[in-house]
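Observations on the three-dimensional arrangement
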Amino acid sequence: MITLLETIQQIPGVLSSVIANRKTTFQALLEAVDSRETPITQIILLGSGTSNTSGCTARYFAEQAGGLPVRAVIPNDFCYAPFHDPNALYLIISQTGTSIKTRECLDLIKDFGGLAAAMSESPNTPIAQAAEVYVDMGCGYEEHKTRTIGYSATVLTIMLLGLELGLRRGHLTQAQYDSYLSQAQKLPAAIERVIDDAMTWMDRSKWEMLHSDLLFFTGVNSLWGVAQEAACKVWELPKLASMGVDLDESMHGPNFGFNGRHCVLVLDDGRVDSQKAAAMVRYMKTEFKNGFMIGPDPVGPGDLKLIPQSGPFSCLEFAAAIQILAYRLAQDCGRDLQSPHDNSVMNSYFISHSDQK
């Protein structure tokens, strides 16, 4: 099995393929959208775990580019909601296609006549076989079960779906489409640099994180989605307590509970609420000696300077930094990431995935 670091290093190449294959990826879905008697009114992204955090990250640009409301919804909320829009496009996200609750969402959508597309790693997964339309996630089979390549590929695929819909619906001009695409094409090289920079950064900054009781990630818009994914991966890999909270929300309650055992990591791309982001980092550094900025304008010498290169797609540059962070914390605290997953004990209590079609 390849290492998790090698997995992360594969992401730039995967994203290059996602961009190159975008027209083929969305052909069947766009044809299905065009064939509907009534226009789609919104896009609902349905998924659990990393499939959900992917939607939370990508939805802002997908909405901006596509000119349609986009929401990321967890399957439980969707299944028990009192109202469902039959004119929405439902994108059901499951890398292995075996999530039991997402399959319930698919069955429910079929019952009320909505358009359901399954995004998965292969057209042969159970959810892809059962859906009306299949959308290739672009990641292929991923050896590591932590869904690292899958997160990045899913985010970019959803963002590119917004781009294709925007052009097709006339919301974007060809010039606007081309401009966005040129920014996306900067991602692979940018991520390669971030991986190297983040490895160096973790050499000097890991100890404050490892000695903390909680890692608290925060950001705005798409970076809130990255913060949620960071919390998911830090809990899963090094098994450290973690949270991912919107920046403004972090100042409405959590700020009263911070102490020196809480490490607050602020993600800032320099575009929205940067002054607020810097203020939070200064507060944590000055009062508790335990805070970091990841972004173009470091607050102190221990921060990670990350100058975004890909415009609205730069959330995936930040994601690469977080993926390295989670990998290094796991490695440096002695977790064996090469050992196979043994879920037999957990599965004796509950099962969340099934490969039955």
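Everything below is about the structure shown above.
All figures in this text were calculated on a predicted structure; none of them were measured in a lab.

Some thoughts on the overall build of the protein chain
- Scanning the protein chain from terminus to terminus reveals 16 helices and 10 strands.
- For the protein chain, whose C-alpha radius of gyration is 20 Å, the value lies close to the compact-globule estimate of 21 Å for 357 residues.
- Each principal axis of the C-alpha distribution contributes one length, and for the protein chain these read about 60 × 55 × 40 Å.
- The burial tally for the protein chain puts 55% of its 357 residues in the buried class.
- The long-range fraction of contacts in the protein chain, counting pairs at least 24 apart against all pairs at least 6 apart in sequence, stands at 75%.
- Summed over its atoms, the accessible surface of the protein chain is roughly 15,100 Å², and 51% of this surface lies on carbon and sulfur atoms.

Focus: the nonpolar core
- One finds M209, L215, L316 and L325 to be the most contacted residues of the largest nonpolar core, which totals 88 residues.
- No other element matches the 13 residues that helix α15 (residues 315–332) contributes to this core.
- Here L316 is in contact with L15, Y151, S152, V155, L156, L187 and I191, once residues within four sequence places are set aside.
- Core analysis: the second largest hydrophobic core is formed by 16 residues, V73, L106, A130 and A131 among them.

A look at the pairing of strand β2 (residues 70–73)
- Relative to β2, strand β1 (residues 43–46) is paired through four bridges, and the arrangement is parallel. Considered in β2, the bridge of L45 is made with A72.
- Each parallel crossover has a hand, and the one from β1 via helix α4 (residues 50–66) to β2 is right-handed.

Topic: the packing of aromatic side chains
- Evaluated as defined, the whole model comprises seven aromatic pairs.
- Relative to F292, the ring of W201 has its centre 5.9 Å away and its plane inclined at 85 degrees; by these criteria the two rings are edge-to-face. With a gap of 91 residues between them, W201 in helix α10 (residues 187–210) and F292 in strand β9 (residues 291–295) connect regions that are remote in the sequence. In terms of burial, W201 and F292 fall into one category: buried.
- A connected cluster of aromatic rings, assembled from ring pairs, spans F61, Y180 and F313.
- In this structure, R59 is placed above the aromatic ring of Y60, and the distance from its NZ or CZ to the ring centre is 4.3 Å.

Cut-offs applied
Residues numbered from 1 in each chain as written. Predicted model: local features only at pLDDT ≥ 70, side-chain atom pairs only at ≥ 80, totals over all residues. Heavy atoms only, no water. Helix = DSSP H or I, 4+ residues; strand = E, 2+ residues; numbered from the N terminus. Rg over C-alpha atoms; globule rule 2.2 N^0.38 Å. Buried < 20%, exposed > 50% of the residue type's maximum accessible area, 1.4 Å probe, protein only. Contact = heavy atoms within 4.5 Å. Areas by Shrake-Rupley, 256 points an atom, 1.4 Å probe, with all protein chains shown as cover. Core = buried A, V, L, I, M, F, W, Y, C linked by side-chain atoms within 4.5 Å. Pairing = 2+ DSSP bridges. Right-handed = clockwise from strand over helix to strand, strands pointing away. Phe/Tyr/Trp six-rings, centres within 6.5 Å; stacked < 30°, edge-to-face > 60°. Lys NZ or Arg CZ within 6 Å of the ring centre and 35° of its normal.

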